[in-house]
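As a plain string of letters, each chain reads:
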Amino acid sequence: MLNRWCVKFFESEDYQNNWPDKKIPDGTYYYHLRNPETGQQYKGWVEVAQ
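Residues numbered from 1 in each chain as written. Predicted model: local features only at pLDDT ≥ 70, side-chain atom pairs only at ≥ 80, totals over all residues. Heavy atoms only, no water.

Visitor: What's the story with the pattern of salt bridges in this structure? I'm lost.
Guide: Side-chain pairs of opposite charge can arise whenever the charged atoms involved come near each other. Tallied over the entire structure, the rule returns one salt bridge. A salt bridge links Glu 11 to Lys 8; the shortest N-O distance between them is 3.0 Å. We classify Lys 8 as exposed; its relative accessible area is 55%. (Salt bridge = Lys/Arg side-chain N within 4 Å of Asp/Glu carboxyl O. Buried < 20%, exposed > 50% of the residue type's maximum accessible area, 1.4 Å probe, protein only.)

So, in structure tokens, the structure goes:
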């Protein structure tokens, strides 16, 4: 996951539904998910506002 300045914020090879693991700042975060078995990819963004 990248923040709006394209700085890597979170990465996991075996995601276990554990993001965020700490309090994160408000903002827009971009993701790129890839299923290694099928090759399917998903890209998008989420906005965090607390």
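Next comes the rest of the write-up.
Visitor: Which parts of the structure should I look at to understand the side chain of Asn 3?
Guide: Assignment of secondary structure puts Asn 3 in the segment before strand E1 (27–34). With residues near it in sequence (within four places) discarded, Asn 3 still touches Phe 9, Thr 28, Tyr 29 and Tyr 30. (Helix = DSSP H or I, 4+ residues; strand = E, 2+ residues; numbered from the N terminus. Contact = heavy atoms within 4.5 Å.)

Visitor: Can you walk me through a nonpolar patch on the surface in this structure?
Guide: Residues Leu 2, Tyr 30 and Trp 45 make up a contiguous nonpolar surface patch of roughly 320 Å² in combined accessible area. Along the chain, the position of Trp 45 falls in strand E2 (residues 41–48). Judged by its relative accessible area of 54%, Trp 45 is exposed. (Patch = residues over 30% accessible without salt bridge, like charges linked within 9 Å, V, L, I, M, F, W, Y side chains within 5 Å. Areas by Shrake-Rupley, 256 points an atom, 1.4 Å probe, with all protein chains shown as cover.)

Visitor: What is the right way to look at the environment of His 32 in this model?
Guide: By the secondary structure assignment, His 32 is in strand E1. For the pair His 32 and Val 7, spaced 25 residues apart in sequence, the C-alpha to C-alpha distance is 13 Å. The contacts of His 32, once residues within four sequence positions are left out, are Gln 41, Tyr 42 and Lys 43. Here Gln 41 takes part through its side chain, which lies 2.6 Å from a polar atom of the side chain of His 32. (Polar contact = N/O pair within 3.5 Å; in protein donor to acceptor, adjacent residues only side chain to side chain.)

Function cannot be inferred from these measures alone, as they are strictly geometric.
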